[in-house]
Amino acid sequence: MAITGSGSLPIPLFVFVISVAFLSKGAAETVTVDGQNLATDNVSVIEGETATISCRVKNNDDSVIQLLNPNRQTIYFREVRPLKDSRFQLVNFSDNELRVSLSNVSLSDEGRYVCQLYTDPPQEAYADITVLVPPGNPIIESREDVVSEGNETELTCTAMGSKPAASIRWMKGEEELTGETTVEETYDRMFTVTSRVRFSVTKEDDGVPVDCIIDHPAVKDLLAQRHLEVLYKPEVKIVVSYPDGLTREGDNLDLTCIAEGKPHPHQINWLRVDDDVPPHAVVTGSDLYIENLNKSYNGTYRCVASNAVGEAYDDYILYVYDAPTTIPTPTTNPVNTQDSRASDGAPQKIDHAVIGGVVAVVMFAILCALIVLGRYFARHKGTYFTHEAKGADDAADADTAIINAEGGHNNSDEKKEYYI
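Let me begin by describing the structure that accompanies this report. Model, not experiment: these values are computed from the prediction.

Some words on the pairing of strand E20 (residues 209-216)
For E20, the tally of buried residues reaches 6 of 8 residues, placing the bulk of the element in the interior. Two strands pair when backbone bridges link them, and E20 and strand E21 (residues 219-227) are joined in this way by 7 bridges, in the antiparallel orientation. Following the sheet pairing, cysteine 212 is matched in E21 by alanine 224. Following E20, the chain reverses through 2 residues before pairing antiparallel with E21.

Right, here's the structure in full:
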C-alpha cells in the first residue's frame, strides 16, 4: 500500500508511521544499526542564503536513503525529489551520501530535518536548521544634544529585528562603558534589543566618539556612532606682551588675556584685586595697557572671562623695580642679552677679572727677572777677587810675595780688573 506526498511519486506508507527515538542535540547526529552508521550535521544559515544538508552512510548494504522536512514530507527519495519546491536541489547522491541544498532560506524553513535509512529496524538521524536573521542598522539616540561639563548624559542604542537576539557593547573613545540591556521578543520570533548607558562628561569629552557596537553571528562590524558635544567654562591665561624682562619704573606694561571656552567667552573684564585699576590704564578688548609705571601700581591684576557655562580667571602679579642707575660700559665683544638681563653687574665683574689676571702675569715676570740678575751678579763678583791675589800665590816666602805683589801692579799686561 502506498500514499502520495506533496510530489507525484508514491511513497511507502511505513515511512510516515515508523518512529525511531535516536535523538541528539549535538553538532552531529549518528545512528548505528548492524555496523551501518547514519550521520548528519546541524546547520546554521543566514536568512536568504543557502543551506546544505548531508545524510551520510558508512558500510551501506544498498539500503535506501531519503530526506524528510520538519513536517515529515519526503524531500528526496534516493535521487528523486517528490516535493514540489524547486529551492531544494540535489548536490550529490551515492550509496554513501545524499546531499541536498536549500536556497533562499527563510524563517519558515527552520526546524528539524530527518535523514532516514531503510534498514531493519529503520534508522533516522536529525539535522536542525537554524535560520539567522541579522539586525537592522542600529539607532543611537541621546537624551540631550548638548551637555555641560560635570553633568550626566544618557545614550540609547536599539538593534531591531534580529534572530537570535543581538548583544550590544559601548565604547567611548578607547574606554569601554557598561550599559543596561533589555530584550523584547516580537510575535514573529524576532528580537529587539535596547541598551542604555549613563556617564558624566568633562571638557575633554568634547568631540569624542561614542560607539554602539552590535555583536551577532549573522553580521560583523555593525555599529552606530555619535560624537559628544560638551559645553565648558573658559580657560584663561594672561600673556605679557611687554616688557620682556623686569618691570621697572618708567616702563610701559602691556598684558593680553587669552580666553577659550565653549561657547566662546562673551565677556572679558580686567580688575585689580583689593584696589582700583590705575586711572590712566587703557583696556582694549582683552588687552590691558599701563604706561610710565611706578611702585604705586604694584598689585595683582586679574582677567575674568565668562560664558553661558560659568566664569574663570587668571592673575598677574605686578612688581615695579627701581630704574637702572648705571649704564654698563659697552665692549667690542657681544654680550648675551639673556645673561645681561639676569644680572646688571655682570660686565663689570668680567673686566675686574681680566685686569687681575694681567697684573698677576706682570708681577710674575718681574720676579723671574730679579732672580736671574741676582745669580749673574754673584758669579762675576768672585772672578774679580781671584785675579787680585794672583802674584802672591807663586812666592817662596813673605818678602818675595810682597815684591811680586808690588811688581804685579806695574805690569798692566798681567793684571786685569773687571767692573760691572
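So much for the structure itself; the text now carries on.
Side note on the environment of threonine 182
Inspection of the secondary structure puts threonine 182 in strand E18 (residues 180-185). Residues within four places of threonine 182 in sequence aside, it is in contact with Thr192, Val193 and Thr194.

Looking at the sheet that holds strand E15 (residues 152-162)
The strand order E13-E15-E19-E18 describes an open sheet built from 4 strands, whose pairing is antiparallel. Edge positions in the open sheet fall to strand E13 (139-142) and E18, since each of these has one partner strand only. Sheet twist, expressed as the average angle between the axes of neighbouring strands with direction ignored, equals 15°. For E15 and strand E19 (residues 191-200), the ladder comprises 9 bridges, and the chain directions are antiparallel. Within E19, the residue paired with threonine 156 across the bridge is arginine 196.

Topic: the nonpolar core
One recurring pattern in soluble globular proteins: nonpolar side chains tend to sit buried together. In this structure, Leu67, Ile75, Phe88, Leu98, Tyr113, Ile129 and Val131 are the most contacted members of the largest nonpolar core, which totals 27 residues. Counting residues per element, the ones that place at least two in this core are strand E5 (43-46), strand E6 (51-58), strand E7 (65-68), strand E8 (74-77), strand E10 (97-102), strand E11 (111-117) and strand E12 (123-132). In this view, isoleucine 75 contacts Leu67, Leu68, Asn69, Val80, Arg81, Pro82, Leu83, Phe88 and Tyr113; residues no more than four positions away in its chain are not counted. One finds Cys157, Trp170, Leu177 and Cys212 within the second-largest nonpolar core, a separate group that totals 20 residues.

Cut-offs used in this document
Residues numbered from 1 in each chain as written. Predicted model: local features only at pLDDT ≥ 70, side-chain atom pairs only at ≥ 80, totals over all residues. Heavy atoms only, no water. Buried < 20%, exposed > 50% of the residue type's maximum accessible area, 1.4 Å probe, protein only. Helix = DSSP H or I, 4+ residues; strand = E, 2+ residues; numbered from the N terminus. Pairing = 2+ DSSP bridges. Contact = heavy atoms within 4.5 Å. Axes fitted to C-alpha atoms, helices over the stretch in contact; angles between N-to-C directions. Core = buried A, V, L, I, M, F, W, Y, C linked by side-chain atoms within 4.5 Å.

So, to be careful, I would describe these as geometric facts and stop short of saying anything about function.
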